[in-house]
Amino acid sequence: MIARTHDLAAITGLLLTVAALSPLPPMSLATIIAALVANQLGAIAPDIDQPTAPLWRNVSFGKLFGRFFGRIMGGHRFLTHSLIGVALLGFVVNWLLVFIHPLFPSVDSTIVWWAFMIGMLSHLVMDSFTKEGVPWLLPVPIKFGFPPLRRFRITTGRAIENFFVVPLLIVIVIAICAVTYPELLQLVQDRVVE
Ligand SMILES: [Zn+2]
């Protein structure tokens, strides 16, 4: 799946969580912004094993690092595209958030961490719709996909993704925003002023 699809899927996951858990406890504006950023980073994080990932395209020597990480992670759609890989990355990100928390005391690290994890899981879910599938249960070396029959799945970057999946996700995001508008408004208004 292309990066835009992953970005939209991650925000969809986040909005669904907000809708399911609302009313959420009041949180600072810094927490809301950090959670949105973390959610988008989580959306593209599993593709650090790919030299052409958006993450690597934007840094100098990115391709080189990308290839290096790809090797370590076992190639594209391997460790970072599995539940065990998500857990490991989640552990590292949690450690990082604890480490930098003193710099941003008004940010609720737990909420930011969950937003990141939702982004990462949404990536795996979306990649499951592609022909290649996802090795969810590594070290079990089977790539799972939906629908189970490969020929009904999507090829990344093809017209169906650009003209069907992306618009569909945009409609879903708008629909959830419309339905949960009071809760979202409450979240921003109730925020803890630091
Ligand atoms: Zn991927």
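Cut-off values and rules
The residue numbering used here restarts from 1 in each chain and proceeds along that chain's sequence as written. A pLDDT threshold of at least 70 governs which residues receive local features in this predicted model, and a stricter bar of 80 or more applies before side-chain atom pairs are shown or counted, although totals over entire chains, interfaces and linings include all residues. The predictor attaches a confidence to each residue, and that confidence, scored 0 to 100, is pLDDT. Secondary structure elements are taken from DSSP: a helix is a run of H or I of four residues or more, a strand is a run of E of two residues or more, and numbering for both begins at the N terminus. Angular values range over 0 to 180 degrees, each being the angle between N-to-C directions of two axes fitted as lines to C-alpha atoms, with helices fitted over their stretch in contact. Reported orientations rely on four angle classes, namely roughly parallel under 35 degrees, roughly antiparallel over 145, roughly perpendicular from 65 to 115, and oblique for the rest. Note on convention: near helix rotated counterclockwise from far helix by under a right angle means a left-handed crossing. Clockwise means right-handed. By definition, residue pairs are in contact when their C-beta atoms, positioned from the backbone, come within 7 Å. Neighbour density around each residue's C-beta defines its exposure: 20 or more other C-beta atoms within 10 Å make it buried, 12 or fewer make it exposed, and counts between make it partly exposed, where C-beta atoms are placed from the backbone. What a helix should span is 1.5 Å times the count of its residues minus one.

Some words on the confidence of the model for the protein chain
Piece 1. For the protein chain, mean pLDDT is 87; residues scoring 70 or higher make up 85% of the total.
Piece 2. Across the protein chain, helix H6 (residues 109-127) holds the top mean pLDDT of 97, while helix H3 (residues 54-57) sits lowest at 62.

Re the packing of helix H1 (residues 3-21) against helix H2 (residues 29-44)
Piece 1. Remark: H1 packs on H2, axes separated minimally by 8 Å, with the N-to-C direction vectors making an angle of 130°. Considering their axes alone, H1 and H2 lie oblique with respect to each other. You can see that H1 and H2 cross each other, and the crossing is right-handed. Side by side, H1 and H2 meet where Ala3, His6, Asp7, Ala9, Ala10, Ile11 and Leu14 of the first sit next to Asn39, Gln40, Gly42, Ala43 and Ile44 of the second.

Structural notes on the environment of Ile84
Piece 1. Note on placement: Ile84 falls in helix H5 (residues 83-100).
Piece 2. According to the C-beta neighbour criterion, Ile84 is partly exposed, with 14 such atoms within 10 Å.
Piece 3. For Ile84 and Pro139, which are 55 residues apart along the polypeptide, the C-alpha to C-alpha distance reads 8.5 Å.

Observations concerning H1
Piece 1. Across its 19 residues, H1 extends 27 Å between first and last C-alpha, which sits within 8% of the 27 Å expected from 1.5 Å per residue.
Piece 2. When we look at burial in H1, the residues that qualify are Thr5, His6, Asp7, Leu8, Ala9, Ala10, Ile11, Thr12, Gly13, Leu14 and Leu15.
Piece 3. The inward-facing, buried residues of H1 contact H2, H6 and helix H7 (159-179).

Some details on the environment of His6
Piece 1. You can see His6 is positioned in helix H1.
Piece 2. Assessed through the 26 C-beta atoms surrounding it within 10 Å, His6 is described here as buried.
Piece 3. Placed 121 residues apart in sequence, His6 and Asp127 show a C-alpha to C-alpha distance of 8.7 Å.
Piece 4. Once residues within four sequence positions are removed from consideration, His6 is found in contact with Met1, Ala43, Ile44, His123 and Met126.

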